[in-house]
Amino acid sequence: MELLFLGEPMIEFNQTTPDGPYVQGFGGDTSNAAIAAARQGASVGYLGATGADVFGDLFDGLWRGERVDTRAVLRMEDAPTGLYFVTHGPQGHVFSYRRAGSASSRYGVRHLPHDLLKQAKVLHVSAISQAISDVACDGVFEAIDIVRKAGGLVSYDTNLRLKLWPLARARAVIEATAAMADIVLPGLDDARLLTGLETAGEIADHYLALGARHVALTLGADGVLYANRDTRERIAPHVVEAVDATGAGDAFDGAFLAELLATGDGVAAARHANAAAAL
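Note that the coordinates shown come from a computational prediction; the quantities given were computed from them, not determined experimentally.

Colleague: Which parts of the structure should I look at to understand the nonpolar core?
Modeller: Note that soluble globular proteins tend to have their nonpolar side chains buried in a common cluster. Membership of the largest hydrophobic core comes to 47 residues, with the highest contact counts inside it found for Leu-6, Leu-117, Leu-123, Trp-165, Ile-174 and Leu-217. In terms of residue count, the dominant contributor to this core is helix H6 (residues 134-149) (six residues). Setting aside anything within four residues of it in sequence, one finds Ile-174 in contact with Ala-127, Tyr-156, Thr-158, Leu-160, Trp-165 and Leu-194. In terms of nonpolar packing, the next biggest core, distinct from the first, is built from 35 residues, Val-44, Val-73, Leu-260 and Ala-270 among them.

Following this line, the structure appears as structure tokens:
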């Protein structure tokens, strides 16, 4: 497993039409990213936990069908798989979560598979996993430490969810984690809140100054800014008829990491991921 993804898988129930039925699907940012990477042909494994319930069974079938290695996924008897519900209104998506006490929120330092982490070329983690509980947050930091000491790379999505934690705590934890990451994958709106900076260039410079080797800043309808210490390139968006933005950033992350691992070229990876996110 060259790419390991650590995080919180969640079952989705999406009300696709007003007052209509809820359609079951799958969510969780790192799970989405893992599947995107596997679909690009990368060797992918997932770390985390689901409940020993029907929803955990559904995830197990999903991952196996998508060629994501599940040997390190725990099935907890005393904690459920997390759920969320999506409704749609004039202001866009509204998410309602049922994750308190979930298996993912209880997955921490003592559960980590050290041998697999030491072998990984890249570990990808998300700020959402740090926000769901102190136990999960500690687990993310420990996993990062294991991978770094073994010579692997760390990828970090600064995904900000203010329903989960106050901005001041999010800023402190995310800034500390970004300073440990080789690859930082922020979105522009979140990054503005987290850094207090306004322009894409300033934000890229901020994360490079913390030590990142690659920064791919997604700009929504304006495309992507990719930057490393020697190169900076603004990548134009693909014009599409927007259907649903859910998971686009996660698809970007997975496609970026798979292409970066395959080619070593950050600009090529950002172009590839930009197309994947548009699709």
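Colleague: Could you clarify how one ought to interpret the packing of aromatic side chains in this entry?
Modeller: Summed over the entire model, instances satisfying the criterion amount to 11 aromatic pairs. Taking the centre distance of 6.1 Å and the plane angle of 80 degrees together, the rings of Phe-13 and Phe-55 count as edge-to-face. Of this pair, Phe-13 sits in strand S2 (residues 10-15) while Phe-55 is found in helix H2 (residues 54-65), placing the two residues 42 residues apart along the sequence. Take Phe-55: its relative accessible area is 22%, and that puts it in the partly exposed class. Taken together, the ring pairs connect Phe-13, Tyr-22, Phe-55 and Phe-85 into an aromatic cluster. Here the guanidinium or amino end of Arg-99 rests over the ring plane of Tyr-97, the centre of that ring lying 4.3 Å away.

Colleague: Just checking my understanding: could you explain empty space enclosed by the protein for this structure?
Modeller: The method is simple in principle: a probe with the dimensions of a water molecule rolls over the atoms, and the space it marks as empty is what remains. Enumeration over the complete set of coordinates arrives at one cavity of 30 Å³ or more. Here the largest cavity defines a volume of roughly 70 Å³. If you trace the largest cavity, you find it lined by Leu-6, Gly-7, Glu-8, Ser-104, Tyr-107, Leu-112, Ser-129, Ile-132, Ala-136, Gly-139 and Val-140. Here the element with the most residues in the lining of the largest cavity is H6; it accounts for three residues. For the lining of the largest cavity, the per-class residue count stands at six nonpolar, four polar and one charged.

Rules and cut-offs
Residues numbered from 1 in each chain as written. Predicted model: local features only at pLDDT ≥ 70, side-chain atom pairs only at ≥ 80, totals over all residues. Heavy atoms only, no water. Core = buried A, V, L, I, M, F, W, Y, C linked by side-chain atoms within 4.5 Å. Buried < 20%, exposed > 50% of the residue type's maximum accessible area, 1.4 Å probe, protein only. Helix = DSSP H or I, 4+ residues; strand = E, 2+ residues; numbered from the N terminus. Contact = heavy atoms within 4.5 Å. Phe/Tyr/Trp six-rings, centres within 6.5 Å; stacked < 30°, edge-to-face > 60°. Lys NZ or Arg CZ within 6 Å of the ring centre and 35° of its normal. 1 Å grid on protein atoms, 1.4 Å probe; cavity = no way out; pocket = protein on both sides within 12 Å on 5 of 7 lines; lining within 4 Å. Points joined across faces, edges and corners; volume = space filled by probe spheres on them. Nonpolar A, V, L, I, M, F, W, Y, C, P; charged D, E, K, R; others polar.

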